[in-house]
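# Working through the structure, step by step
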Amino acid sequence: MLTPERHRLILELIEEHHTVTIKQLVEHTTSSESTIRRDLDQLEQLGKLKRVHGGASLRQATSEEPTLLEKTTKNHQEKTSIAIMAASLVRDGDCIFIDAGSTTYEMIPHLSDKDITVVTNGLNHLHALSSHSIPTYILGGFVKQRTKAIIGTMALKNLEQYRYDQCFLGVNGLTLEDGFTTPDPEEAVIKRSALSLSQKRFVLADHSKFEEVAFSKIADLAEASIITNYQGALSASYNEKTILKVVTP
């Protein structure tokens, strides 16, 4: 197989699966491991992908942020499974913070039978919480049009008025080196504050968030437990840095 054809197949696989291992690429292209490693090095130098331990992943702009609709429709089954596990951790009597995100949104139907109080900065969450008769406080502040997240100085001041038994956050990326990240610095501040004000802290992240880095750092991995469906080659490495709760969709 000629090099351009092999490169095309590699990029197609990464586009489809987001992260692929060298073993998968060797099998798919019927090439040697040394050839695949050389291809990955070349493609990374061209900015086509990002090398990760044991394979490669899709590269995206650090400031790029999908719309709420794009987030909601992507990996929906995985997000639902993750959300169900997250909701199972909530106890009667808890006051919890649920941030604006497509995976955290999926928690709401599974909280309806619990005696809890919710604080959120997700404008899109409000109708669902109300529909399930869940007592809710919503932060005031500036509404981001793309994600319907409420951010800014006023939102931060509102957030800091409360103390939380647990918080549940979404992220755009997480790596061993850069921790949890998100494109918007103001939203990062809200997430960081929620972590500091909560006794138990959870980040909900499907497999597509691993080995991605967004513009603004939220926190180191050790500052929250990760609830995920990710079972890739790197899961053992991540589990050394934090508590990794893996669900099967």
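The sections below set out a description of the structure shown in this document. (Residues numbered from 1 in each chain as written. Predicted model: local features only at pLDDT ≥ 70, side-chain atom pairs only at ≥ 80, totals over all residues. Heavy atoms only, no water.)

### Quick word on the sheet that holds strand β1 (residues 19–21)
Selection criterion: Here the rule is simple: two strands pair whenever DSSP picks up at least two bridges between them. Secondary structure elements follow DSSP: runs of H or I no shorter than four residues count as helices, runs of E no shorter than two count as strands, and numbering proceeds from the N terminus. To define axes, lines are fitted to C-alpha atoms, for helices over the stretch in contact only, and angles between the resulting N-to-C directions are given on a 0 to 180 degree scale. Any two residues having at least one pair of non-hydrogen atoms within 4.5 Å are treated as being in contact.
Within the open sheet, the 3 strands sit side by side as β1-β3-β2. Their pairing is antiparallel. Edge positions in the open sheet fall to β1 and β2 (49–52), since each of these has one partner strand only. Averaged over all adjacent pairs, the angle separating strand axes in this sheet is 25°, with direction ignored. Where helix α2 (residues 22–29) meets the sheet, its contacts fall on β1, β2 and β3 (55–58), and the angle it forms with β1 comes to roughly 75°.

### Describing the sheet that holds strand β11 (residues 179–182)
Ordered in space as β10-β11-β13, the 3 strands form an open sheet in which the pairing is antiparallel. Only two strands of the sheet have a single partner each, and these edge strands are β10 (173–175) and β13 (216–219). Neighbour-to-neighbour, the strand axes of this sheet turn through a mean angle of 35°, independent of strand direction. The pairing of β11 with β13 spans 3 bridges and is antiparallel. When the sheet's bridge partners are listed, Thr181 is paired in β13 with Lys217. Against the sheet, helix α9 (residues 185–196) makes contact with β11 and β13, and its axis sits at roughly 5° relative to β13, the strand it touches most.

### Description of the pattern of salt bridges
The test is simple: Salt bridge criterion: a side-chain nitrogen from Lys or Arg within 4 Å of a carboxyl oxygen from Asp or Glu. For every residue, the accessible area obtained with a 1.4 Å probe (protein chains only) is divided by the maximum for its type, and the residue is called buried under 20%, exposed over 50%, and partly exposed between those limits.
Overall, the coordinates contain 9 salt bridges when judged by the stated rule. Arg8 serves as the salt-bridge partner of Glu12, at 2.5 Å between the closest nitrogen and oxygen. Highlighted residues: Glu12 and Arg8, both in helix α1 (residues 3–17), separated by 4 residues, approximately one helical turn. Note on Glu12: relative accessible area 41%, which makes it partly exposed. In this structure Arg8 comes out as partly exposed when scored by relative accessible area, which is 37%. Here Asp184 ties to Lys144 by a salt bridge, and the two come within 3.2 Å at their closest N and O atoms. You can see Asp184 sitting in the loop between β11 and α9 and its partner Lys144 sitting in the loop between β7 (142–143) and β8 (150–151), a full 40 residues away along the chain. Residue Asp184 is classed as buried on the basis of its relative accessible area of 14%. Taking relative accessible area as the criterion, Lys144 reaches 8% and is therefore assigned buried.

### Here we look at the nonpolar core
Applied cut-off: Nonpolar cores were defined as sets of buried Ala, Val, Leu, Ile, Met, Phe, Trp, Tyr and Cys residues, with membership established by side-chain atoms within 4.5 Å.
Residues Phe97, Leu159, Leu174, Phe180, Phe210 and Ile226 are the most contacted members of the largest nonpolar core, which totals 32 residues. Of all the elements in the fold, those that place two or more residues in this core are β4 (95–98), β8, α8 (153–159), β9 (164–170), α9 and β13. The dominant element in this core, judged by the number of residues it contributes, is α9, at 4 residues.

### Some words on the packing of α1 against helix α3 (residues 33–45)
What counts, and what does not: In what follows, roughly perpendicular refers to angles from 65 to 115 degrees, roughly parallel to angles under 35, roughly antiparallel to angles over 145, and oblique to any angle outside these ranges. Each residue receives one of three labels: charged for Asp, Glu, Lys and Arg, nonpolar for Ala, Val, Leu, Ile, Met, Phe, Trp, Tyr, Cys and Pro, and polar for the others, Gly being one of them.
The contact between α1 and α3 brings their axes to 11 Å, and the two run at 75°. Judged by the inter-axis angle, α1 sits roughly perpendicular to α3. Two secondary-structure elements touch here, α1 through Thr3, Arg6, His7, Ile10 and Leu11 and α3 through Thr35, Ile36, Asp39, Leu40, Gln42 and Leu43. By residue class, the composition of the contact of α1 with α3 is 5 nonpolar, 4 polar and 2 charged.

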